[in-house]
Amino acid sequence: MPESPFLAACNGRKADHTPVWFMRQAGRYMKEYREIRKKASILDICHTPELACEVTLQPVNRFEIDAAILFADILLPFEPLGLGLSFPEGRGGGPVIDRPILVPADVDRLPDVSPGDMQYVLDAVSLIKKELAGRVPLIGFAGAPFTLASYAIEGGSSRSFIETKRFMYSTPEAWHSLLSTFAEMVGNYLVAQVEAGADALQLFDSWVGILSQHDYERFVAPHSKRAIEIAKSASVPVIHFGTNTRELLGSMAQAGGDVIGVDWRTPIDEAWKEFPERGVQGNLDPTALFAPQDELRAQVRDIMERVGGRAGHIFNLGHGVLPPTEPDALDRVIDYVREGA
């Protein structure tokens, strides 16, 4: 088969059109997904390869997108780690970590986790790859060491990340031990996804934008770099993504990744100057999908004009599709990108 536009862009080559996919493209904004959620929880879907496959394929069947991304959750490794994981309905679907990491001794007690401890994810990858039958590439993914540590220490989501930073500053030896453990686990997990059939990988560092550049380089970058080094041994492209990372983009690129994801807060051409030798992914504001059509087209056009047809661009949102989004808005974005806006 000829190289897909998505993989061509990941490898810095000119594609026959700008590839498009959407983070969180499988989710609550789709009626088909909501129907499944009436019968199955998020964890039920993740734990059942057939359901994970069905949900992964829903947007591929609905939209003219250029890549599928595995339906899973970045926190699934917390189950074999013994930290516990749930998504109580009363918390708006946000995660709860039942046994958070509170003191250095909690880090010492973490068991070794291998990719086989999440075999259901690998089985889902293999099944999805088979069902895709070459239509589009499949992206596997994992959470970055810092973001995993933040969830593990906070016990869930946070606005201020006080406990994460307290642990990082007060017990640096335990902090680095924790992130080193996560880096090895994540890297091996990503390699296993490729062995199961994934064509590309994305490392999500969703919360890393809370850090200064100095703290990122001291406390995080070496561990992200290690996770990416391991993932790269699988010889597929790796996308490195974070939000609110304008000041960190250069450092994140140094930590690794063939493509650097950019959120909507940074103009994409300015971001690309920080890593001109890499690809770039992004970066439409997800809330632009609620704008009138003329405004949405104008925002897509602005991104396309800033890129100027340069090889290595993957069009995406600056973060995930929001639940109230109308699916037709994604159709419009795809059309605008194909038309050059």
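Computed from a prediction, not measured in an experiment: that's the story for all the values here.

Caption draft 1: Just the nonpolar core, in detail. Within the largest apolar cluster, 131 residues are counted, with the highest numbers of intra-cluster contacts made by Phe-6, Phe-78 and Leu-284. The greatest single-element share of this core, amounting to 14 residues, is contributed by helix 9 (residues 172-196). Filtering out sequence-adjacent residues up to four positions away, Phe-78 remains in contact with Leu-83, Gly-84, Ile-97, Leu-148, Tyr-151, Ala-152 and Phe-182.

Caption draft 2: Broad picture of the packing of aromatic side chains. Following the criterion strictly, the structure yields 9 aromatic pairs and no others. Measuring from ring centre to ring centre gives 5.9 Å for Phe-204 and Phe-241, while their planes differ by 75°; the resulting arrangement is edge-to-face. Within this pair, whereas Phe-204 is found in strand 3 (residues 200-205), its partner Phe-241 is found in strand 4 (residues 238-242), the two being separated by 37 residues in sequence. You'll find Phe-204 and Phe-241 in the same group, each marked buried. Through a chain of ring-to-ring contacts, three or more aromatic side chains come together here, namely Phe-141, Phe-204 and Phe-241. The ring of Trp-264 is capped by Arg-265, whose NZ or CZ atom sits 4.2 Å from the centre of that ring. The aromatic ring of Trp-272 is capped on one face by Arg-310, whose charged end is 3.8 Å from the ring centroid.

Caption draft 3: Highlighting the sheet that holds strand 6 (residues 279-281). One open sheet accounts for 7 strands, arranged 1-2-3-4-5-6-7; its pairing is parallel. A strand with exactly one partner marks an edge of an open sheet, and here the two such strands are strand 1 (68-69) and strand 7 (313-314). Of the strand pairs in this sheet, strand 4 and strand 5 (residues 259-261) are connected by 2 bridges, and their pairing is parallel. Each residue of the ladder has a partner; that of His-240, found in strand 5, is Ile-260. Against the sheet, helix 9 contacts strand 2 (138-143) and strand 3, and its axis sits at roughly 165° relative to strand 2.

Caption draft 4: Molecular detail of the side chain of Asp-205. Tracing the backbone shows Asp-205 in strand 3. Lacking a salt bridge, the buried Asp-205 has Lys-165 as its closest oppositely charged neighbour, with an N-O distance of 13 Å. Setting aside anything within four residues of it in sequence, one finds Asp-205 in contact with Ala-144, Phe-146, Thr-147, Val-220, Ser-224, Phe-241, Gly-242 and Thr-243.

Caption draft 5: Region of interest: the side chain of His-313. For His-313, the location among the structural elements is in strand 7. From its side chain, His-313 meets the backbone oxygen of Gly-282 in a polar contact 3.0 Å long. Excluding anything up to four places from it in sequence, His-313 contacts Ala-9, Thr-18, Pro-19, Ile-268, Trp-272, Val-280, Gly-282, Ile-303, Met-304 and Val-307.

Caption draft 6: Here's a closer look at the packing of helix 9 against helix 11 (residues 221-232). One can describe the packing of helix 9 onto helix 11 by two numbers: an axis separation of 8 Å at closest approach and a directional angle of 20°. For the element pair helix 9 / helix 11, the angle class is roughly parallel. Where helix 9 crosses over helix 11, the handedness of that crossing is right-handed. Contacts between helix 9 and helix 11 involve His-176, Leu-179, Ser-180, Ala-183, Glu-184, Val-186, Gly-187, Asn-188, Leu-190 and Val-191 from the former and His-223, Arg-226, Ala-227, Ile-230 and Ala-231 from the latter. Residue classes in the contact of helix 9 with helix 11 are distributed as 8 nonpolar, 5 polar and 2 charged.

Caption draft 7: Broad picture of unusual backbone geometry. In the segment running from Gly-282 into Asn-283, the intervening peptide bond is cis, with an omega of -5°. With respect to the helices and strands, the residue Asn-283 is situated in the loop between strand 6 and helix 14 (293-307). At Arg-24, a residue that is not glycine, the phi angle is positive and equals roughly 60°. Its place among the elements puts Arg-24 in the loop between helix 1 (5-10) and helix 2 (31-37). Positive phi, close to 55°, is recorded for Phe-161, a residue that is not glycine. Tracing the chain through its elements places Phe-161 in the loop between helix 7 (145-154) and helix 8 (162-170).

About the criteria used
- Residues numbered from 1 in each chain as written.
- Predicted model: local features only at pLDDT ≥ 70, side-chain atom pairs only at ≥ 80, totals over all residues.
- Heavy atoms only, no water.
- Core = buried A, V, L, I, M, F, W, Y, C linked by side-chain atoms within 4.5 Å.
- Buried < 20%, exposed > 50% of the residue type's maximum accessible area, 1.4 Å probe, protein only.
- Helix = DSSP H or I, 4+ residues; strand = E, 2+ residues; numbered from the N terminus.
- Contact = heavy atoms within 4.5 Å.
- Phe/Tyr/Trp six-rings, centres within 6.5 Å; stacked < 30°, edge-to-face > 60°.
- Lys NZ or Arg CZ within 6 Å of the ring centre and 35° of its normal.
- Pairing = 2+ DSSP bridges.
- Axes fitted to C-alpha atoms, helices over the stretch in contact; angles between N-to-C directions.
- Lys, Arg positive; Asp, Glu negative; His and termini not counted.
- Salt bridge = Lys/Arg side-chain N within 4 Å of Asp/Glu carboxyl O.
- Polar contact = N/O pair within 3.5 Å; in protein donor to acceptor, adjacent residues only side chain to side chain.
- Parallel < 35°, antiparallel > 145°, perpendicular 65-115°, else oblique.
- Left-handed = near helix turned anticlockwise from the far one by under 90°.
- Nonpolar A, V, L, I, M, F, W, Y, C, P; charged D, E, K, R; others polar.

Just geometry here; none of it tells us what the structure is for.
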